[in-house]
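# Structure at a glance
Residue-level listing of the chains:
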Amino acid sequence: MSRERRVIIVSNRLPVTVRTSHAGPKLEHSSGGLVTAMCPVLRQHSGYWIGWTGTERTEEIVQLFDDRRCDNYKLVPLYLTGEERNNFYLGFSNEILWPLFHDLQSRCNFDPAYWKTYVGVNDKFADTLLKVAELHDFVWVQDYHLKLVADSVRKVGANLELAYFHYIPFPSPDIFEKLPWRAKILHALLQYNLLGFQTKRDLKNFVSCVKLFVPDAEISNVGDQTSVSLAGNRSLLGVFPIGIDFSEFADGAEDAQVIARAAQIKKDISGCSMLLGVDRLDYTKGIPERLRAFRYLLESQASICEKITLVQVVVPSRIDIPKYCELRLDIERLVSSINGQFGSPGWVPIHYIHRELDRPELLAYYRAADIAVVTPLKDGMNLVCKEYCAAQVDESGVLILSEFAGAASQLKDGALLVNPTDLEGVGKAIQSAIQMSVVERRQRMQRLRTNIKNEDVYQWAKRFFFESRNVQRSLARVSKTPPQDDPEASNVEE
C-alpha cells in the first residue's frame, strides 16, 4: 500500500511573520486572504508549506524556523536578498502584475530588471521545492508571485504533479497584451497540470489570452471541462471560488466577549446606523471612492446626518511602496475633510481605524455593523464580505457589494450590488439598506449565509483536490502507471 500523498503548499510568504523587538525576533501567525483560506486546509493534511520569511537570512532567524511546524505542516523557509525583495516583490509583483491584473495599467512600471529578478526568484522557489518534493506529492502553488515555478521545475526534468491557483483577477487580452513578457508567462503557466481561477470570467479571459498569444496551444472543451495542450503538457482548467471557514466565524461571533464588545461599539456611536468598511490598504479596494460616496450622501440627504456613522478600518499594507503611503495620506485627508464639514458635537461621521484588528475585535465590528460596504474597484474574490455575513448570526445586517468583486456572481441574490465609482448609486444603496425592512434584511442575509456556508473553504479545497484526480489519471495515461489513491479528496470536511 502506497504512503499517503502529501500536499506541498508553495506561496510567496509563509503563514507566519517575523517580528523583531529588543528581545530578538519571534514568529507570529500572519493574516490575509491566502492564510485565511489555506490554514483550515492545513489542519487536515500533512506536508510542507514553502515560502519567503519576509526577511534576509540571519542566524537568529534561521534558528526560529529550525524544524518549525504549523498544524500538520512543516514550514520550509526561503530567504531573499534586499535586491530580490525590491525587484521581485515590490517591483514585478506589485508594480507590474498587481496593477495590471486589476485593470490599472497606468500604475505599472515595466522595468526589465524586475522581470530578470522575477525569473530568478521563481527558480529559487523551484529549487527549494525540489529538495522536499517526491514523485506522488501534490504541489499546490499559490498566486501571481509564482507563475513561473512549474516552468522552472520542468526545465530540470522533474515530473511532479503541479497545480496553481490564481487569487486575483485575470485580465482580458486587451489589458494583458500590455505586458512585455505576456507569451513567456502564458507558456510558463501552461506547464502546470491544473490551473484554478476564481470566476468563469477569469477562466474565459485566460483562454482568450492563450488563443491570442500562444497560437500553437490546443484548447479542448469536453462538457464542463476545459484543457490546454502545449508542447506535450496538458493543463486542466477550472473555476474554484474560494470560501472561508464559515463555522469559525459564526461560532466566534457567538462568544460572550464578542457580543459584549459589539454592544459597546454600538453604544459608542450613540445608536446611529453603523456602516462598516474593512480593507487592506490598497488602491484596488476603492476606499477613497467609498468615502466620496459617503460625503455625497451626506451632502444630498441632510436629514441623514447624525443618524449614520461610517467605521472604516484600514489594515496597513506594503508600507515600503510610495504609492501606498500616498494612498494613506489621501484617505486620511478625506476622513478629516468629511468630519470637519459635517461633524457636530456628539456626532463624528467617520470613525477611522488604521491598524489590524485581532479576530475577536473584528468579529465584534462585524456583529455591530448594520451595513457592510465592500466596494473594491476590482477584486479576485474578496473574503471580507463572506466573513461579515458569517458573523451576522442574528441575520439583521445588509451587504453592499461591488459588482467588480469576484464574490458578486456568487452573492448577487442577497447583496445590494453597486458600481463603486458611481457615487450617487452607492449613496442610494446605503439609503436603501437603512430603510430596508427587518423581514427583507433577514431574507437576504439568510440567502447569503446559506450560500457562503455551503461554499466554504473546505468545499473549495475538496473540489480542487477532486480535480487533481483527473490530473493524476491524465499523467497515468502518459506514464502508463496507475494513479495513486487520493485520500485528500475524500478527507476534506463536508
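Below you will find a few notes about this structure. (Residues numbered from 1 in each chain as written. Predicted model: local features only at pLDDT ≥ 70, side-chain atom pairs only at ≥ 80, totals over all residues. Heavy atoms only, no water.)

## With respect to helix 8 (residues 200-213)
For helix 8, with 14 residues, the first-to-last C-alpha span of 20 Å sits near the 20 Å given by 1.5 Å per residue. Of all the residues in helix 8, the buried ones are Asp202, Leu203, Asn205, Phe206, Val207, Cys209, Val210 and Phe213. Contact partners of the buried residues in helix 8: helix 6 (173-176), helix 7 (182-189), strand 9 (194-197), strand 10 (218-222), strand 11 (225-230) and strand 12 (233-239). (Helix = DSSP H or I, 4+ residues; strand = E, 2+ residues; numbered from the N terminus. Expected span 1.5 Å × (residues − 1). Buried < 20%, exposed > 50% of the residue type's maximum accessible area, 1.4 Å probe, protein only. Contact = heavy atoms within 4.5 Å.)

## Here's the deal with the packing of helix 11 (residues 287-300) against helix 16 (residues 423-435)
One way to put it is that helix 11 packs onto helix 16 with a least axis distance of 8 Å and a crossing angle of 70 degrees. Taken together, the axes of helix 11 and helix 16 lie roughly perpendicular to each other. Handedness of the crossing formed by helix 11 with helix 16: right-handed. Counting all contacts with helix 11, which are made through Glu289, Arg292, Ala293, Tyr296 and Leu297, the residues of helix 16 involved are Leu423, Glu424, Val426, Gly427, Ile430 and Gln431. Broken down by class, the residue content of the contact of helix 11 with helix 16 amounts to six nonpolar, two polar and three charged. (Axes fitted to C-alpha atoms, helices over the stretch in contact; angles between N-to-C directions. Parallel < 35°, antiparallel > 145°, perpendicular 65-115°, else oblique. Left-handed = near helix turned anticlockwise from the far one by under 90°. Nonpolar A, V, L, I, M, F, W, Y, C, P; charged D, E, K, R; others polar.)

## Focus: the pattern of salt bridges
Scanning the entire structure with this criterion turns up 19 salt bridges. Where Asp279 meets Arg290, a salt bridge forms, and the shortest distance between an N and an O atom there is 2.6 Å. Here the residue Asp279 occupies a position in strand 13 (residues 273-280), and Arg290 occupies one in helix 11, the gap between them amounting to 11 residues. Under the relative-accessibility criterion, Arg290 is labelled buried at 4%. In this structure, the salt-bridge partner of Arg444 is Glu440, at a minimum N-O distance of 2.9 Å. Residue Arg444 and its partner Glu440 are located together in helix 17 (residues 438-454), separated by four residues, close to a single helical turn. (Salt bridge = Lys/Arg side-chain N within 4 Å of Asp/Glu carboxyl O.)

## Considerations on the sheet that holds strand 17 (residues 398-402)
Ordered by their spatial adjacency, six strands build an open sheet running 15-14-13-16-17-18, and the pairing between neighbours is parallel. Both edges of this open sheet fall to strand 15 (350-353) and strand 18 (416-418), since each of them pairs with a single strand only. Direction aside, the axes of adjacent strands within the sheet are offset by 20 degrees on average. Here strand 13 pairs with strand 16 (residues 371-374) via two bridges, running parallel. What sits directly across from Leu275, in strand 16, is Ile371. (Pairing = 2+ DSSP bridges.)

## Notes on helix 12 (residues 322-342)
Given 3.6 residues per helical turn, the α-helix brings residues three or four places apart onto the same face. Over its 21 residues, helix 12 extends 31 Å from the first C-alpha to the last, a length consistent with the 30 Å expected when each residue adds 1.5 Å. By the burial criterion, the buried members of helix 12 are Tyr324, Leu327, Ile331, Leu334, Val335, Ile338, Asn339 and Phe342. Down the axis of helix 12, the buried side of the element spans an arc of 125 degrees, and every buried residue falls inside it. Opposite the buried face of helix 12, at more than 90 degrees from it, the exposed residues are Pro322, Arg333 and Gly340. Residues of helix 12 that are buried in the fold lie against helix 3 (82-101), helix 11 and strand 15. (Arc of directions from axis to C-beta.)

## Details of the pairing of strand 8 (residues 161-165)
Extensive coverage of strand 8 is indicated by the burial of five of its five residues. Burial along strand 8 is two-sided: Glu161, Ala163 and Phe165 facing one way and Leu162 and Tyr164 facing the other are all buried. Inspection of the sheet shows strand 7 (residues 138-142) paired to strand 8 by five bridges, in the parallel sense. Paired with Phe138 across the strands is Glu161, a residue of strand 8. Here strand 8 pairs with strand 9 via three bridges, running parallel. Counterpart to Ala163 in the pairing with strand 9 is Leu194.

Remember that the coordinates give geometry; whether it matters functionally is a separate question.
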